[in-house]
Amino acid sequence: MTTRRSSICLEMEIILAMSSGQETRASIIKTLRINSMIFEKYINSLEKKGIVKQKGDSYFELTEKGKNIAIKIKKLYEISQSINFIEEEVRRYLEMTDSEELKGSNRTA
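Procedures and definitions
- Residues numbered from 1 in each chain as written.
- Predicted model: local features only at pLDDT ≥ 70, side-chain atom pairs only at ≥ 80, totals over all residues.
- Heavy atoms only, no water.
- Phe/Tyr/Trp six-rings, centres within 6.5 Å; stacked < 30°, edge-to-face > 60°.
- Helix = DSSP H or I, 4+ residues; strand = E, 2+ residues; numbered from the N terminus.
- Buried < 20%, exposed > 50% of the residue type's maximum accessible area, 1.4 Å probe, protein only.
- Salt bridge = Lys/Arg side-chain N within 4 Å of Asp/Glu carboxyl O.
- 1 Å grid on protein atoms, 1.4 Å probe; cavity = no way out; pocket = protein on both sides within 12 Å on 5 of 7 lines; lining within 4 Å.
- Points joined across faces, edges and corners; volume = space filled by probe spheres on them.
- Nonpolar A, V, L, I, M, F, W, Y, C, P; charged D, E, K, R; others polar.
- Axes fitted to C-alpha atoms, helices over the stretch in contact; angles between N-to-C directions.
- Parallel < 35°, antiparallel > 145°, perpendicular 65-115°, else oblique.
- Left-handed = near helix turned anticlockwise from the far one by under 90°.
- Contact = heavy atoms within 4.5 Å.
- Patch = residues over 30% accessible without salt bridge, like charges linked within 9 Å, V, L, I, M, F, W, Y side chains within 5 Å.
- Areas by Shrake-Rupley, 256 points an atom, 1.4 Å probe, with all protein chains shown as cover.

Draft legend 1. Quick look at the packing of aromatic side chains. Across all of its chains, the model carries one aromatic pair by this definition. Ring geometry for Phe 39 and Phe 60: centres 5.7 Å apart, planes at 70 degrees, overall edge-to-face. Of the two residues, Phe 39 is situated in helix H3 (residues 36-48) and Phe 60 in strand E2 (residues 60-62); the sequence distance between them amounts to 21 residues. Here Phe 39 matches Phe 60 in class, with each residue buried.

Draft legend 2. Molecular detail of the pattern of salt bridges. In this structure the tally under the stated criterion is nine salt bridges. Residue Lys 53 is joined to Glu 61 by a salt bridge in which the shortest nitrogen-to-oxygen separation is 3.4 Å. Across the pair Glu 89 and Arg 92 runs a salt bridge, and its minimum N-O distance is 2.9 Å. Highlighted residues: Glu 89 and Arg 92, both in helix H4 (residues 64-108), separated by three residues, approximately one helical turn. On the basis of relative accessible area, Arg 92 is assigned to the partly exposed category, the value being 40%. Through salt bridges with shared partners, one network takes in Glu 23, Lys 53, Lys 55 and Glu 61.

Draft legend 3. Highlighting the layout of surface pockets. Roughly 310 Å³ of volume is contained in the largest pocket. Among the secondary structure elements, those contributing two or more residues to the lining of the largest pocket are helix H1 (7-19) and H3. Ranked by the residues each element gives to the lining of the largest pocket, the list is headed by H3, at three residues. Of the residues that constitute the lining of the largest pocket, the class distribution is four nonpolar, five polar and four charged.

Draft legend 4. Quick peek at the packing of helix H2 (residues 25-32) against H3. Contact geometry for H2 and H3: axes closest at 10 Å, N-to-C directions at 110 degrees. Comparing the axis directions of H2 and H3 gives the class roughly perpendicular. Seen along the crossing, H2 lies across H3 with a hand that is right-handed. Residues Arg 25, Ile 28 and Ile 29 of H2 lie in contact with H3, whose contacting residues are Ser 36, Phe 39 and Glu 40.

Draft legend 5. Geometry of a nonpolar patch on the surface. A cluster of nonpolar residues, Phe 85, Ile 86, Val 90 and Leu 94, forms a patch on the protein surface that exposes about 400 Å² of accessible area. Along the chain, the position of Ile 86 falls in helix H4.

Draft legend 6. Just the packing of H1 against H3, in detail. Contact pair H1 / H3: the axes reach a minimum separation of 10 Å and the direction vectors enclose 80 degrees. Considered as vectors, H1 and H3 are oriented roughly perpendicular to each other. Residues Ser 7, Leu 10, Glu 11, Ile 14, Ile 15 and Met 18 of H1 form the contact with H3, whose own contacting residues are Ile 38, Tyr 42, Ile 43, Ser 45 and Leu 46.

Draft legend 7. How the structure looks around unusual backbone geometry. Its identity is not glycine, yet Arg 33 carries a phi of approximately 55 degrees, on the positive side. Positionally, Arg 33 belongs in the loop between H2 and H3. In this structure Arg 33 comes out as exposed when scored by relative accessible area, which is 76%.

The following block contains the structure:
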């Protein structure tokens, strides 16, 4: 079963794929596991926004605007990962506290 991705998500994934060096239509389609119609829809949208430009028959590149957006997306992703790490650490501390309280209540019982 495939998961349906939002428009923003697909545009973001195309930008990130291109920022990681994928410039051909075929490589982006393969990496993102999308069909050519979906690719065309979103690559055209990104071109209209000035984020991507076509540099050959099936080659694309990020514009300066696109490169800046890619940097911001990567920073947001790093922040998101940090938040996930923090949540996991807090959960671990809370579970330790719960288990310590349970041990303490067993001693008094």
